[in-house]
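Chain by chain, the residues run as shown.
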Amino acid sequence: MKNSKEHISIIGLGAMGFALANTFIKEGYTTTVWNRTSAKAEPLRPLGARLAKNVNEAVEASDLIIACVLNYEVLFELLEHLKTITPGKTLVNLTNGTPEEAKQVANWTKENSIDYLDGGIMAVPTMIGLSESLILYSGSQNAFEKYKAVLERLGRAQFLGTDPALAPLYDLSLLSGMYGVFSGFLHATALVQTMSVNVTEFTTDYLIPWLKAMTNLLEELSVQIETKNYETKGSNLSMQIIGVENIMKAGES
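(A) Structural context of the packing of helix α6 (residues 166-192) against helix α7 (residues 199-215). Contact pair α6 / α7: the axes reach a minimum separation of 11 Å and the direction vectors enclose 135 degrees. In terms of their interaxial angle, α6 and α7 are classed as oblique. Relative to α7, the crossing made by α6 is right-handed. Along its contact with α6, which presents Val181, Phe185, Ala188, Thr189 and Val192, the element α7 presents Val199, Phe202, Thr203, Leu207 and Leu211. Here the residues of the contact of α6 with α7 sort into eight nonpolar, two polar and no charged.

Given below as structure tokens:
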């Protein structure tokens, strides 16, 4: 059910921040927005957004504040320049960063009597508001339970625990797995193109089925890592080394 009485402030209107704000507006929430480049906020005005003149005005406009800026350096700069902030508010930080940076923001919010949730968005902007969107949260459990229904407007909301570092840890770890696949794909296609192989055919008929088969091993490998049982099951380490060496030789040639 839409709740026009709930006030939300969005700080940061890059591609993702814009998608967050647009989703809340469509859902009927009173939405105040602010961005360092004010022009990015203008398209949201005719949709019903309230444009704050500065970050202080945006923060004071709502009890729920969602930050999604370029990086933590920008976030820290904004927090340091806040003139006042009313205790009791909740900051949900969806800026991509490290576990250590999340802890630093958590310390700042604690000093200012603010509830804090750190979040990791496992989605692209066009997925926000859809069931395929997953956002991971950690930090204040009270804040998560209080605003869970609101946060679920953005996508599936998963609470990982009370340590604020958990969300960015999961976020970066999941991205690490994804980038590993993507970089491997790009290198693989670069290799096959040296002999004029059809990339789409290679990807569809060979690479995707091969990767799907190999990902079936990940669960078993995770158990081995968890139990510290590194007994070889399949090709031994020396064979893996030879394979990697030959990939490097082929790439160089």
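(B) Region of the structure containing the nonpolar core. Residues Ile66, Leu94 and Tyr137 are the most contacted members of the largest nonpolar core, which totals 33 residues. Membership of the second largest hydrophobic core comes to 23 residues, among which are Ala52, Leu82, Trp108 and Tyr116.

(C) The arrangement of the packing of aromatic side chains in detail. Evaluation of the coordinates by the stated rule reveals four aromatic pairs. With a centroid separation of 5.8 Å and an interplanar angle of 50 degrees, the aromatic rings of Tyr137 and Phe144 are classed as tilted. Owing to a relative accessible area of 6%, Phe144 belongs among the buried residues under this scheme. An aromatic cluster is built from Tyr137, Phe144 and Phe159, whose rings are joined through pairwise contacts.

(D) Representation of the sheet that holds strand β5 (residues 90-93) within the structure. A sheet is described by the order of its strands in space; here eight strands give the open sequence β3-β2-β1-β4-β5-β6-β7-β8, paired in mixed fashion. Looking at the sheet topology across the chains shown, the edges are occupied by β3 (50-51) and β8 (156-161). Where strand β2 (residues 30-34) and β3 come together, two bridges link them in parallel fashion. If you follow Val33 over to β3, its bridge partner there is Leu51.

(E) Expanded view of the environment of Leu169. Relative to the assigned elements, Leu169 resides in helix α6. In this structure Leu169 comes out as partly exposed when scored by relative accessible area, which is 43%. Separated by 70 residues in sequence, Leu169 and Pro99 have C-alpha atoms that sit 5.7 Å apart.

(F) How the structure looks around the pairing of β8. Of the pairings in the sheet, the one linking strand β7 (residues 134-139) to β8 comprises five bridges and is parallel in character. Paired with Ser138 across the two strands is Gly161, which belongs to β8. With helix α5 (residues 141-151) bridging β7 and the parallel β8, this β-α-β connection has right-handed handedness.

(G) Up close: the pattern of salt bridges. Counted by the stated rule, this structure contains four salt bridges. One salt bridge in this structure joins Glu27 and Arg153, with 3.5 Å as the shortest N-O distance. Linking Glu27 in the loop between α1 (15-26) and β2 with Arg153 in the loop between α5 and β8, this pair joins segments that are 126 residues apart in sequence. For Arg45, the salt bridge goes to Glu42, with nearest N and O atoms at 3.0 Å. Exposure remark for Arg45: the relative accessible area of 46% places this residue in the partly exposed category. Glu42 gets classed as partly exposed once you look at its relative accessible area, which sits at 37%.

Reading the values: the criteria
Residues numbered from 1 in each chain as written. Predicted model: local features only at pLDDT ≥ 70, side-chain atom pairs only at ≥ 80, totals over all residues. Heavy atoms only, no water. Axes fitted to C-alpha atoms, helices over the stretch in contact; angles between N-to-C directions. Helix = DSSP H or I, 4+ residues; strand = E, 2+ residues; numbered from the N terminus. Parallel < 35°, antiparallel > 145°, perpendicular 65-115°, else oblique. Left-handed = near helix turned anticlockwise from the far one by under 90°. Contact = heavy atoms within 4.5 Å. Nonpolar A, V, L, I, M, F, W, Y, C, P; charged D, E, K, R; others polar. Core = buried A, V, L, I, M, F, W, Y, C linked by side-chain atoms within 4.5 Å. Buried < 20%, exposed > 50% of the residue type's maximum accessible area, 1.4 Å probe, protein only. Phe/Tyr/Trp six-rings, centres within 6.5 Å; stacked < 30°, edge-to-face > 60°. Pairing = 2+ DSSP bridges. Right-handed = clockwise from strand over helix to strand, strands pointing away. Salt bridge = Lys/Arg side-chain N within 4 Å of Asp/Glu carboxyl O.

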